[in-house]
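# Chains, contacts and geometry: an overview
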Protein chains: 4
Amino acid sequence: MTIQTAVLIETLTALGAEVRWCSCNIFSTQDHAAAAIARDSAAVFAWKGETLREYWWCTERALDWGPTGGPDLIVDDGGDATLLIHEGVKAEEVYEKTGQLPDPSSTDNAEFQIVLTIIRDGLKADPKKYTRMKERLVGVSEETTTGVKRLYQMQANGTLLFPAINVNDSVTKSKFDNLYGCRHSLPDGLMRATDVMIAGKVAVVCGYGDVGKGCAAALKQAGARVIVTEIDPICALQALMEGLQVLTLEDVVSEADIFVTTTGNKDIIMVNHMRKMKNNAIVCNIGHFDNEIDMLGLENYPGVKRITIKPQTDRWVFPETNTGIIVLAEGRLMNLGCATGHPSFVMSCSFTNQVIAQLELWKEKATGKYEKKVYVLPKHLDEKVAALHLGKLGANLTKLTKDQADYISVPIEGPYKPPHYRY
Amino acid sequence: MTIQTAVLIETLTALGAEVRWCSCNIFSTQDHAAAAIARDSAAVFAWKGETLREYWWCTERALDWGPTGGPDLIVDDGGDATLLIHEGVKAEEVYEKTGQLPDPSSTDNAEFQIVLTIIRDGLKADPKKYTRMKERLVGVSEETTTGVKRLYQMQANGTLLFPAINVNDSVTKSKFDNLYGCRHSLPDGLMRATDVMIAGKVAVVCGYGDVGKGCAAALKQAGARVIVTEIDPICALQALMEGLQVLTLEDVVSEADIFVTTTGNKDIIMVNHMRKMKNNAIVCNIGHFDNEIDMLGLENYPGVKRITIKPQTDRWVFPETNTGIIVLAEGRLMNLGCATGHPSFVMSCSFTNQVIAQLELWKEKATGKYEKKVYVLPKHLDEKVAALHLGKLGANLTKLTKDQADYISVPIEGPYKPPHYRY
Amino acid sequence: MTIQTAVLIETLTALGAEVRWCSCNIFSTQDHAAAAIARDSAAVFAWKGETLREYWWCTERALDWGPTGGPDLIVDDGGDATLLIHEGVKAEEVYEKTGQLPDPSSTDNAEFQIVLTIIRDGLKADPKKYTRMKERLVGVSEETTTGVKRLYQMQANGTLLFPAINVNDSVTKSKFDNLYGCRHSLPDGLMRATDVMIAGKVAVVCGYGDVGKGCAAALKQAGARVIVTEIDPICALQALMEGLQVLTLEDVVSEADIFVTTTGNKDIIMVNHMRKMKNNAIVCNIGHFDNEIDMLGLENYPGVKRITIKPQTDRWVFPETNTGIIVLAEGRLMNLGCATGHPSFVMSCSFTNQVIAQLELWKEKATGKYEKKVYVLPKHLDEKVAALHLGKLGANLTKLTKDQADYISVPIEGPYKPPHYRY
Amino acid sequence: MTIQTAVLIETLTALGAEVRWCSCNIFSTQDHAAAAIARDSAAVFAWKGETLREYWWCTERALDWGPTGGPDLIVDDGGDATLLIHEGVKAEEVYEKTGQLPDPSSTDNAEFQIVLTIIRDGLKADPKKYTRMKERLVGVSEETTTGVKRLYQMQANGTLLFPAINVNDSVTKSKFDNLYGCRHSLPDGLMRATDVMIAGKVAVVCGYGDVGKGCAAALKQAGARVIVTEIDPICALQALMEGLQVLTLEDVVSEADIFVTTTGNKDIIMVNHMRKMKNNAIVCNIGHFDNEIDMLGLENYPGVKRITIKPQTDRWVFPETNTGIIVLAEGRLMNLGCATGHPSFVMSCSFTNQVIAQLELWKEKATGKYEKKVYVLPKHLDEKVAALHLGKLGANLTKLTKDQADYISVPIEGPYKPPHYRY
């Protein structure tokens, strides 16, 4: 719920939508943006520094249009709203069949316990809430790699309850927001949180996908020596071609100054890694969930001390060495928690994709064009997103002649590339 | 026919193949490499500085195993061998039905006239040569963007005569050879041909695909100010995000020092552009065919004078101004014509794809797995190509745990990415 | 008065000094740092957001040790403390001879009026205050290009009242703090103040000295297209060699998005430039005084409106166009006003020079080694500053053999370079 | 004796000089340039691939104007002509006093033996040749760091026989030719000699002066991971600020792919280092003399085998491991030996300094302005050199107003910087 999302909300409202909104991250809300939207445009359930319980309460509130209403469309980012509905529907089905309520103690994932609690607590009052919701829903457009991954898993399992447009994999999203956005907001977050001089430092970037590429580029350009960890040999070879070293975390854990996780996977930096780090090594995550860093392991480490230097910047001191590491944003997205997220220009690319996806879902709601599957936007819309952003930067596009267009077998007006083109 | 292709030939020979070879470019043969292969490994029809007529004679010779033999597999680069066979078969079919020979004067494309002439001249002696060839052929693996485009067109038209593997679109080809290869070989060609200082110059890169990205990066890093021309708004926006200016050729034709075409299209730099350029502006092509630059227009320009400074480096002087431009490699691929092409490491990635594709086609020749269509290599083979090249560069890959692999729903051993992933 | 100066104060205190302190910039004080020092270590006269009158009051307070005391040494940054003493002494001499008090209305420089007022107001109460001060003073060590320039002017005029060590021209200061410090803190200030996406923007850097080089590098690396303005042909040629365009401000004023002054001169961006800029163009100064930008002209522009977006970020709207520009830190140093100044590592280099200079002045106070002139630190001390900072970054220096040292005629332990060496 | 020196010769000739010329490096002559000059402009004693004996014979020939003539001015590069005259004069003085001839066997430096032999062989025929020469000589202008170092040593010893202008330390020489020239010509030499892909490789740059900075930048930009070795803590810290690792050669000798010496010192890479390198590691020198690399130790290593791949590219195979390293240009300047040296634009900066220095020496030959000392060019001439090169690159300089010039106390027309300014 940043100023960029505020503009997205205003855009959707101007297009005729009635909007309810929550944040996708407990730290990322800019309270002034939320206040302005709450005053002018939409119901907002978000503030900077939510607890996890508050976060899911907000999510549940944002979805609640009262007994007769409900969302027609979801703009999702990370997939938590979609998750809540799917889990809600699942619980309602079990409850209907067996009378059994969801049991939060059935999981040891603390966050999922909260999800189950929220569903459980609402279930008796309204045992059909999520079922009604999924029936009404025309679809969701999802913003992030993580959210999209969940959608494809649900599609594969046959459990997806409504059509989904994968906005993340628009070129003008994944190759812009993830790459150029993080190239901007990673150093921004590091500077605001720690004021550390990046030049001369050894930085480890875990993962060399689009996010990792942006982070590594930013750190290298700022004068750090960057080491990449990767599981994928192709991405590893890309890192090497840029002059970056590719090693394992174990190889470098005790000599690096800055650690950044960008993997979208879990258990990347464990407490046993953190114990071996240099004093005041900085550890942060710009991938997705806070489980990229073993926050649980850190919190439960016997004798560990947490010293909050300022909000979202904690020093954790290990008892054996009395040395400590600096963890940003409690392991959550540091660019959102410690800075203001991606800058407006690149978010405009992402959100133009979102708006186009929402328009598309709504326009086709009755045609059956979109089944309960995951779709990407057609390339001509992707190119349109880019084209809309060129003028601001003073670009002059070249026009194909008819002859040239025929020669390479594309329409003069595009789309210009085959679907598999990688940019 | 460079030292890298020599190693490819030796590899294929070591795997059991009998090889006949020609070049894909009239200037790119390294004569010492050709000589070594001719002595030790294979029949070679290639030398540096072929005429077009010689070039196509070589292509025809390379395909000729005598009346009872013929190629089982083709390793193609640019698609000329594939083209010759397809045109040959077409002509043989017409000839069989109508007795009509192909008529070179039916086209005003000088090179295609030669192709038709060669087919015509062979037709009476052996009116089934190409037909026998296509019947025997198990398939082709094609290396380049241009060649692949032809293959997809033939697939779309239903005229493709045998299975084809698109090696170009392996990630470890298109995102390596095209990008990192050109980043290396463009400045190499410029330096060898002209010794020009790149720092401080204004360079125009026409096209910002993988080749253009590599060229623009190389020129920028060497200290040039780089301007990009593009038709595709997405690629244009990528250029802008790297701090490059995006303009049309017309905007900058009279102020730039170096012009590079990378489009894979035709008619990019016309003689009317060249007339307006600064004295001693350098014009070169690293895309594919020499028709990116209007060589025909230049040669036929009234009163133009060509001064060969050294082979592959010509100064063309216009009569009105008595100023001239420097054209490299007669408009053909300047990295092959003026330098030695891509370096071995990146060609090893490309050619490993080729070898794997050839093995795959041969292994599956009787199974019907490959129809008369264009295929890309499966991702696990693409990842394998990368993995084979990591050791040389001292990389340590990270291994997924079972738990992590499950979490992101990939096998521990890969492949790690969905097919649409863009790297 | 930042956290870095706090550590400098603690260091001086630990070495035995009694310290009084003020800021060198009305916006640069970090109040928490000032509070900590005031509590533990020294008398501090500084807070974030001083008025100019408060600023000079603080300077006067910091110099006032009561009737019998006074500073023995000055650590100066910008030369304002040194200026006040020199102006004070001048006024006291005039007053003694003629009984005449300084007349603030004799100047139309608003800030200098304040200086004269402060001196005038103190003069009658204690007409020998500054004279006693200069007699007691062992010397000053000065940090900045601007302050040093003043010192050399006073040396040239024969008006310098005590020895001065030019710390700014230590290599480990001018080539580190100015260059690498600004490379870090310019984007930091831009991001914190405006959240603007730097990639894709056109940025003008006025001046390509060390500060300008750092700024241009940072902006280029972040993906901006950078244009430099310069008066010095050598610096201009350096910019060109890095691929930057060199134009005049007039050439580009209406097409750029970000303007940064780094010149150390005045009247660089005038209100007539600002009127022609694009809507929401960002204008900021990281050189020295706020007169690099014509703030006076802007404030007095008929009908102009100032809208404070947040402290240190103002939008100025021109009445003719109703479009506006964003001015950072009221034209003062934006890295101090909008961010937290240079990061600690590079400030440690600068302040190690300061401490060594202070030690040197004190050690030699009775020997006559330092006359009323401006000195730079000897090279072996400059090299020592660097050597002290290598361990933190994990560097291993190579040792000369005796034979090698003799061969290039340097001592094994250094200094290694002639005085004119440029690094 | 490259095409750039050819233009220098033509310039000097056009200004009225009669010129005799030799090369400063046994491999650097471009024979076509030498031939053109020999035909049109001057007596040339130089060819590509001289032996050391031939090299010194050429030097001696270039200085020989016959019994009644002699050089008035020397344009030197590396100081060998100056050395020969100084050694000649010394020998003539000894001979005059004692009748003793120089004894080549008195030194074990093979090259110096040749120098003494040449002097000895000429001494009996003309025992005053060098004495007459030094009496006639108005002065020398010297191009290189190495040559300048010798001149300052002679000045310090009081043995300098005529005035010298140190052209190397003009900003427009040392910060351009050394830095930007090597940034261009190091990769050029590597590519032409070896075609090695630089991306992904580990490169060690010994020395981080201007030459080392240029080399490290080029290698980093081409995608290598660069490690620097340094003796000077300031230069080491500069390397670290650019994200380069600073280690000793011993730390990395067995893991790097490319080694470049840039130190201007001797005994940098010894045969004991080379033995430990990876197979086909590339070893080259772009500093000055071939003694940066222990060529003598390599040649005399028991059982070593030298395989000449092509001229200036040798593989040396060690008997123990049967692995080998690639040595470029026999340890001499690889950019001259394997490529064509620096490009014309940057050489034009250097040679404009040379021409201005020659004009200055000649103009002042009777005024006594220049004593037997080493001088640098005044800054306004240095700035003039830069100004003369701006137009070609399309730059627009900004002009100071009178008011601004006064404010920073410089003349409107320059010079703009104090002598100690480092750029």
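These numbers were taken from a predicted model, which means no experiment stands behind them.

## Observations concerning the overall build of chain A
Scanning chain A for helices and strands turns up 18 helices and 14 strands. In terms of overall size, chain A behaves like a compact globule, its C-alpha atoms giving a radius of gyration of 22 Å where 423 residues would be expected to give roughly 22 Å. Each of the 423 residues in chain A was classed as buried or not, and the buried ones make up 62%. Contacts spanning at least 24 positions in sequence make up 66% of the contacts within chain A whose residues lie at least 6 apart. A total accessible area of about 15700 Å² is found for chain A, and carbon and sulfur atoms account for 54% of it. The average position of the 45 basic charges and that of the 52 acidic charges among the side chains of chain A differ by 1 Å.

## With respect to the sheet that holds strand β8 (residues 245–246) of chain C
Residue and element names in this part refer to chain C. Ordered by their spatial adjacency, eight strands build an open sheet running β8-β7-β6-β9-β10-β13-β12-β11, and the pairing between neighbours is mixed. Each of the sheet's edge strands pairs with one partner strand only, and the pair in question is β8 and β11 (305–310). Where strand β12 (residues 313–317) lies against strand β13 (residues 324–328), five bridges are found, and the strand directions are antiparallel. Its bridge partner lying in β13, R315 is registered against I326. The strands that helix α9 (residues 177–194) touches are β9 (258–261), β10 (282–285), β11, β12 and β13; relative to β13, the one it contacts most, it runs at about 125°.

## Focus on the interface of chain D and chain C
Opposite the 66 residues of chain D that make contact, chain C presents 66 residues. Together chain D and chain C conceal approximately 6200 Å² of surface at their shared face, both sides included; 59% is due to carbon and sulfur atoms. On the chain D side of the contact with chain C, I231, I234 and R422 of chain D bury the most area, a combined 13% of that side's loss. Among the salt bridges present, the one from D232 of chain D reaches K417 of chain C, with a minimum N-O distance of 2.8 Å. Here chain D is connected to chain C by 32 residue pairs in polar contact (both at pLDDT 80 or more). Contributing elements (two or more residues each) for the side of chain D that touches chain C: α7 (145–157), α8 (171–174), α9 (177–194), α10 (210–221), α11 (233–241), α16 (344–363), α17 (379–388) and α18 (402–407) of chain D.

## With respect to the interface of chain C and chain A
Facing the 24 residues of chain C at the interface are 24 residues of chain A. Together, the buried faces of chain C and chain A total about 2100 Å²; carbon and sulfur atoms form 57% of this surface. Of all residues in chain C, the largest losses of buried area upon contact with chain A belong to M191, D195 and M197 of chain C, amounting jointly to 29% of the total for that side. Scanning the region where chain C abuts chain A turns up two salt bridges.

## Focus on the UniProt feature "domain: S-adenosyl-L-homocysteine hydrolase NAD binding" (unreviewed entry) in chain A
The sites that carry the UniProt feature "domain: S-adenosyl-L-homocysteine hydrolase NAD binding" (unreviewed entry) are, in the present numbering, residues 178–341 of chain A. Taken as a whole, residues 178–341 of chain A contains 34% helix and 22% strand, while its terminal C-alpha atoms sit 11 Å from one another.

## Regarding helix α3 (residues 52–62) of chain A
For α3 of chain A, the full list of buried residues reads Y55, W56, C58, T59, E60 and A62 of chain A. Along its buried surface, α3 of chain A packs onto β1 (20–22), β2 (43–45), α4 (80–98), α5 (110–123) and α6 (129–136) of chain A.

## Some details on the side chain of T248 of chain D
Mapped onto the fold, T248 of chain D is located in the loop between β8 (245–246) and α12 (249–252). In this structure T248 of chain D comes out as buried when scored by relative accessible area, which is 13%. Aside from chain neighbours lying at most four places away, what touches T248 of chain D is N396, L397 and T398 of chain C together with T229 of chain D.

## A word on the relation of the copies chain C and chain A
Between the two copies, chain C and chain A, the superposition gives an RMSD of 0.1 Å; the rotation angle is 180° and the shift along the axis is 0.1 Å. Taken together, the rotation and translation relating the two chain copies correspond to the operation of a two-fold axis. Residues of chain C ranked by C-alpha distance from the rotation axis are headed by Q221 of chain C, positioned 2.9 Å from it. By residue overlap, the copies meet face to face through one surface: 100% of the interface positions of chain C are interface positions in chain A.

## Focus: the relation of the copies chain D and chain C
The two copies are related by a screw motion: chain D maps onto chain C through a turn of 180° and a shift of 0.0 Å along the axis, at an RMSD of 0.0 Å. Comparing interface residues between copies, 100% of those in chain D also sit at the interface in chain C, which points to an isologous, same-surface contact.

## Regarding the packing of aromatic side chains
Scanning all chains against the criterion turns up 24 aromatic pairs over all chains. Seen from their ring centres, F176 of chain B and Y180 of chain B are 5.2 Å apart, and the 70° between their planes marks the pair as edge-to-face. Each member of the pair F176 of chain B and Y180 of chain B is classed as buried. Considering the side-chain rings of Y421 of chain C and Y423 of chain C, the 4.8 Å spacing of their centres and the 85° angle between planes classify their relative orientation as edge-to-face. For the pair shown, Y421 of chain C and Y423 of chain C are each scored as buried. Residue placement shows K417 of chain A over the ring face of Y421 of chain A; its charged tip is 5.2 Å from the ring centre.

## Some words on the pairing of strand β4 (residues 139–142) of chain A
Residue and element names in this part refer to chain A. The alternating pattern of β4 places G139 and S141 on one face and V140 and E142 on the opposite face, and all of these are buried. Bridging between strand β3 (residues 73–76) and β4 involves four bridges; their strand directions are parallel. Of the residues in β4, the one forming a bridge with I74 is V140. Two strands pair when backbone bridges link them, and β4 and strand β5 (residues 164–166) are joined in this way by three bridges, in the parallel orientation. When the sheet's bridge partners are listed, S141 is paired in β5 with I165.

## Notes on the confidence of the model for chain A
Residue-level pLDDT values for chain A average 96, and 100% of them are 70 or greater. Scored by ipTM, the complex comes to 0.93, with pTM at 0.94.

## Comments concerning helix α10 (residues 210–221) of chain B
Residues spaced three or four apart along an α-helix point in a common direction, a consequence of the helix completing one turn every 3.6 residues. Residues and elements named next belong to chain B. Between its first and last C-alpha atoms α10 spans 16 Å; for 12 residues at 1.5 Å apiece the expected length is 16 Å, and the two agree. For α10, the buried fraction is high: nine of the 12 residues fall into the buried class. All of the buried residues along α10 are D210, V211, G212, K213, G214, C215, A216, A218 and L219. Here the buried face of α10 lies against α8 (171–174), α9 (177–194), β6 (202–206), β7 (225–229), α11 (233–241) and β9 (258–261). One or two steps after α10, the chain reaches G223, where phi turns positive at roughly 100°.

## Things to note about the domain arrangement of chain A
Residue and element names in this part refer to chain A. With domains assigned, chain A is organised as domain 1 (3–172 + 343–382) and domain 2 (183–338). When each unit is reduced to the centre of its C-alpha atoms, the spacing between domain 1 and domain 2 is 29 Å. In this complex, domain 1 contributes 13 residues to the contact, which on the side of domain 2 involves 11 residues. The junction of domain 1 with domain 2 conceals about 1100 Å² of combined surface from both sides, 61% of it contributed by carbon and sulfur atoms.

Analysis parameters
- Counting restarts for each chain, with residues numbered from 1 along the sequence as it is written.
- As a convention, the first chain written is A and the first ligand written is 1, with the rest following in written order.
- Where totals are concerned, whole chains, interfaces and linings use all residues; where local detail is concerned, this predicted model gives features only for residues with pLDDT of at least 70, and gives and counts side-chain atom pairs only at 80 or more.
- Side-chain metrics in this entry use all non-hydrogen atoms of the structure; hydrogen atoms and water are not considered.
- Each helix corresponds to a stretch of at least 4 residues labelled H or I by DSSP, and each strand to a stretch of at least 2 residues labelled E; elements are numbered beginning at the N terminus.
- The size measure is the radius of gyration over C-alpha atoms, and the globule rule it meets is 2.2 Å times the number of residues to the 0.38 power.
- The cut-offs for exposure are 20% and 50% of the maximum accessible area for each residue type, with area from a 1.4 Å probe on protein chains only; residues under the lower value are buried, those over the upper are exposed, and the others partly exposed.
- Contacts: residue pairs with any heavy atoms within 4.5 Å of one another.
- Here the open area of atoms and residues is found with the Shrake-Rupley method and a 1.4 Å probe, where only the protein chains shown may cover a residue.
- The convention is simple: Lys and Arg are positive, Asp and Glu are negative, and His and the chain ends are not counted.
- Throughout, a charge is located at the NZ atom of Lys, the CZ atom of Arg, the CG atom of Asp or the CD atom of Glu.
- Here the rule is simple: two strands pair whenever DSSP picks up at least two bridges between them.
- To get an axis, fit a line to the C-alpha atoms, keeping to the stretch in contact for a helix; angles then go from 0 to 180 degrees between the N-to-C directions.
- Defined here as a combined quantity, buried area equals the accessible surface (1.4 Å probe) lost by two parts on assembly, summed across both.
- The salt bridge definition used is simple: a Lys or Arg side-chain nitrogen within 4 Å of an Asp or Glu carboxyl oxygen.
- By the criterion applied in these results, polar contacts are pairs of N or O atoms within 3.5 Å in which, for protein atoms, one can donate a hydrogen and the other can accept it, and in which residues neighboring in sequence qualify only through two side-chain atoms.
- UniProt positions are given in the numbering used here, feature names are shortened, and annotations may be inferred rather than shown by experiment.
- To line up the copies, we fit them by least squares on C-alpha atoms, keeping just the residues with pLDDT of at least 70 in both.
- Between the rings of Phe, Tyr and Trp (Trp by its six-membered ring), a pair exists once the centres lie within 6.5 Å; its type follows the angle of the planes, with under 30 degrees stacked, over 60 edge-to-face, and the other angles tilted.
- Comment: the charge-over-ring label is applied if NZ (Lys) or CZ (Arg) is within 6 Å of the ring centre and within 35 degrees of the ring normal.
- What pLDDT expresses is the predictor's confidence in each residue, scored from 0 to 100.
- How far a helix is expected to stretch is found by multiplying one less than its residue total by 1.5 Å.
- Start and end points for every domain follow an automatic or database-based domain assignment.

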